[in-house]
Amino acid sequence: MIASGAMSPWRTILRREFRSYFATPLAAVFLVVFLFSSGIFAFSLGGLYERGQADLRSFFQFVPWLYLFLAPAISMRLWAEERRLGTIEILTTLPVPIWHAVVGKFLAAWLFSILALALTAPLWITVSWLGDPDQGAIIAGYIAAALVAGIFLAIGGFVSAITKNQVIAFIVAIVACFLVLLSGFPLVLNFFRGWMGSGAIDAIASVSVLTHFNSLMRGVIELRDLVYFASGIVGALVATALVVDWRKSA
Amino acid sequence: MGELISASNLQKSFGSLRAVHGVNLRVNAGEVVGFLGPNGAGKTTTMRILTGFLDPNDGVVLLNGISIAEDPIGARRTFGYLPEGAPAYPDMTVREYLHFIARARGMPRRDIATAVEGVATRVHLRGVLDQVIETLSKGFKRRVGIAQAIIHDPPILIMDEPTDGLDPNQKHEVRELIRTMGSTKAIVLSTHILEEVEAVCTRAIVIANGRVVFDGTPSEFEAKAPSSVTRNRMDHVFRVMTGSGVEAST
Ligand SMILES: Nc1ncnc2c1ncn2[C@@H]1O[C@H](COP(=O)(O)OP(=O)(O)OP(=O)(O)O)[C@@H](O)[C@H]1O
Ligand SMILES: [Mg+2]
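The residue count restarts for each chain, going from 1 along the sequence in the order it is written. Written order decides the labels, with chains lettered from A and ligands numbered from 1. With pLDDT at 70 or above as the cut-off, local features in this predicted model cover only qualifying residues; side-chain atom pairs require 80 or more to be listed or tallied, and sums for whole chains, interfaces and linings still use all residues. As a rule here, side-chain values come from all non-hydrogen atoms in the structure, and water together with hydrogens is ignored.

1. A look at the side chain of B:Gln170
Reasoning step 1: Note on conventions: DSSP H or I runs of at least 4 residues are helices, E runs of at least 2 residues are strands, and numbering of each starts at the N terminus. Relative to the assigned elements, B:Gln170 resides in helix 6 (residues 168-182).
Reasoning step 2: Residue contacts are counted whenever heavy atoms from the two residues lie within 4.5 Å of one another. Filtering out sequence-adjacent residues up to four positions away, B:Gln170 remains in contact with B:Val123, B:His124 and B:Arg143.

2. Examining the sheet that holds strand 2 (residues 17-28) of chain B
All names here are of chain B.
Reasoning step 1: One bridge is not enough; two strands pair if DSSP finds at least two bridges between them. Overall, antiparallel pairing links the 4 strands, which are arranged 2-1-4-5 in an open sheet. Where the open sheet ends on each side, the last strands, each with one partner, are strand 2 and strand 5 (66-67).
Reasoning step 2: Examined bridge by bridge, strand 1 (residues 3-14) and strand 2 share 9 bridges and lie antiparallel to one another. Note that in strand 2 the partner of Ser13 across the bridge is Arg18.
Reasoning step 3: Angles here are taken between N-to-C directions and fall from 0 to 180 degrees, while the axes themselves are lines fitted to C-alpha atoms, restricted in helices to the stretch in contact. Seen against the sheet, helix 1 (residues 43-50) touches strand 1, strand 2 and strand 4 (58-63) and runs at an angle of roughly 120° to strand 1.

3. Considering the site of ligand 1
Residues and elements named next belong to chain B.
Reasoning step 1: Gly40, Lys43, Thr44, Thr45 and Glu84 are the nearest of the 14 residues found near ligand 1.
Reasoning step 2: Contact between ligand 1 and Glu84: an oxygen atom at 2.8 Å from a side-chain N or O atom of the residue.
Reasoning step 3: Measuring from an oxygen atom of ligand 1, one finds a side-chain N or O atom of His192 at 2.8 Å.
Reasoning step 4: Each accessible area is a Shrake-Rupley result for a 1.4 Å probe, and residues are judged covered by the shown protein chains and nothing else. Surface burial for ligand 1 is 66%, taken as the share of its 630 Å² of free accessible area covered by protein chains.
Reasoning step 5: If one sorts the elements of the shell around ligand 1 by residue count, helix 1 sits on top with 3 residues. Near residues are defined by distance, with any heavy atom within 4 Å of the molecule or strand qualifying the residue. Contacts described as polar in this section are N or O atom pairs within 3.5 Å, which, within protein, must combine one atom able to donate a hydrogen with one able to accept it, while residues neighboring in sequence count only if both atoms come from side chains.

4. Quick word on the packing of helix 8 (residues 135-162) of chain A against helix 12 (residues 209-217) of chain A
Residues and elements named next belong to chain A.
Reasoning step 1: Where helix 8 contacts helix 12, the two axes come as close as 8 Å, and the packing angle between them is 160°. In terms of orientation, helix 8 and helix 12 fall into the roughly antiparallel class. When you trace helix 8 past helix 12, the crossing you get is right-handed. Contacts between helix 8 and helix 12 involve Ala140, Gly141, Ala144, Ala145, Leu147, Val148, Ile151 and Phe152 on the former and, on the latter, Val209, Phe213, Leu216 and Met217.
Reasoning step 2: Each residue is assigned to one of three groups, with Ala, Val, Leu, Ile, Met, Phe, Trp, Tyr, Cys and Pro labelled nonpolar, Asp, Glu, Lys and Arg labelled charged, and all others, Gly among them, labelled polar. A per-class count over the contact of helix 8 with helix 12 returns 11 nonpolar, 1 polar and no charged. Working definition: roughly parallel below 35 degrees, roughly antiparallel above 145 degrees, roughly perpendicular at 65 to 115 degrees, and oblique for all remaining angles. Working rule for handedness: look at the near helix, and if it is turned counterclockwise from the far one by less than a right angle, call the crossing left-handed; if clockwise, right-handed.

5. Quick word on the interface of chain B and chain A
Reasoning step 1: Every contact between the two is made by 31 residues of chain B and, on the other side, 29 residues of chain A.
Reasoning step 2: The contact between chain B and chain A buries some 2,800 Å² in all, and 60% of this surface belongs to carbon and sulfur atoms.
Reasoning step 3: Looking only at chain B, the three residues that lose the most surface to chain A are B:Phe53, B:Tyr89 and B:Arg103, adding up to 25% of its buried area.
Reasoning step 4: Here, a salt bridge means any side-chain nitrogen of Lys or Arg that lies within 4 Å of a carboxyl oxygen of Asp or Glu. Summed over the shared surface of chain B and chain A, the number is 2 salt bridges.
Reasoning step 5: For A:Arg19, the salt bridge is made with B:Glu96, and the minimal N-O distance between the two is 3.6 Å.
Reasoning step 6: At the surface where chain B touches chain A, the tally comes to 6 residue pairs in polar contact (both at pLDDT 80 or more).
Reasoning step 7: Looking at the side of chain B that touches chain A, the elements that each hand over two or more residues are helix 2 (72-76), strand 6 (79-82), helix 3 (94-104) and helix 4 (109-122) of chain B. Buried area, as used here, totals the accessible surface that two parts lose on assembly, with accessibility defined by a 1.4 Å probe and the loss added over both.

Here it is as structure tokens:
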């Protein structure tokens, strides 16, 4: 129950978190790295010119790999920083349910990475001006990219809740996201095929971010893929809330 | 009536270390209780159990009749808390931070600016309201911690070493503040300054090795010293009660 005229707590926490990104050079560094590398990949490595075809396919193919490193860089501080500063003792003794803090922090991180994505709009404008790309595919690509960022941040936030060491939070999050990303790859699946049934193999393949990302990238927004990302994010957030609550003072 | 804090048989172990061992505590409105005890006695641990930051292995905490274990959010509404070391978000200005705390506590938006000004006046923070917390001196950081604990005028106040790091003028001011608030609230504070207990507390509780070894008025405490002791009488009693600085085995 909130007194009238009050902001609900998750929004208060979201606001504080989102602003904190801009209190340090971290935000600027992140945005520059993101834009710079996405530009490089879209134009040179992806052969935006050479293929003689104006679209953003090469850029989007590269986005999951970019987020693989940049999402953990954002998420590593979410909870580890609270523990290091001791502010977790303030946060968890405020009359705010823990899920408000978990959701607020997650949404702030997600909004920030979506902001980075939005700043690539000049690419979109450029290809639209150069040619006649499939706008539906581009929109689907942006949605898919945002969802990948979301699931990586949720996983990274969970990892950050386990430790007070940000470097460990960063590295473990990369490894965890990498596994989730790669679990659809034949190489990985063959590794499991030796000692698992085909049902289990399909299950592993279906938890791969890449499988669902590529499926969305085909330009068809399928419910199955949305459910995948939504349940992945919600699952990681629930796990985060449980860990924060259990290990508040650890 | 008037019993705001009631804690029964609190137990807390860290591994094989019994940090809190059968602590009982009842505090009424109008009482200021001073926790005394050597380093590592269990003062902070006890206060963390009272605020729900730590879950006890055994025991019950009721704040204004509300169980911290069963209705944590309801119980958290009843108090303000200054954790050990006065943690705060370093990248925020004092004003932003106090606004954040007030909002997170569900204060109606129109009341917040007034509440921030009011509390800043009371703990002498007006001059630094727009300074980033990171750049404040230790004493000012402590005052920010006190400010966030009292901004919502809670019936219960729990403060871990509120005057640590304050200059003599500020110590005096903060003691006056606590004494004033103590006439209507239930206040628990910890301190290493014995005179402070005499100056502001209606009751002194001495904790050693996780157990309450004294519970009474400051004058009863002082009266425990033999009449042959004429100077630093409280120090004398403290040393005798808590093992004269010899490391007691756990
Ligand atoms: N999270 C923890 N893990 C393990 N041991 C802990 C933990 N927190 C406290 N302790 C131990 O519990 C005991 C009580 O610590 P506590 O912080 O409550 O003491 P204190 O009375 O506040 O001391 P001080 O006056 O130094 O602040 C100490 O021996 C401490 O080392
Ligand atoms: Mg302490």
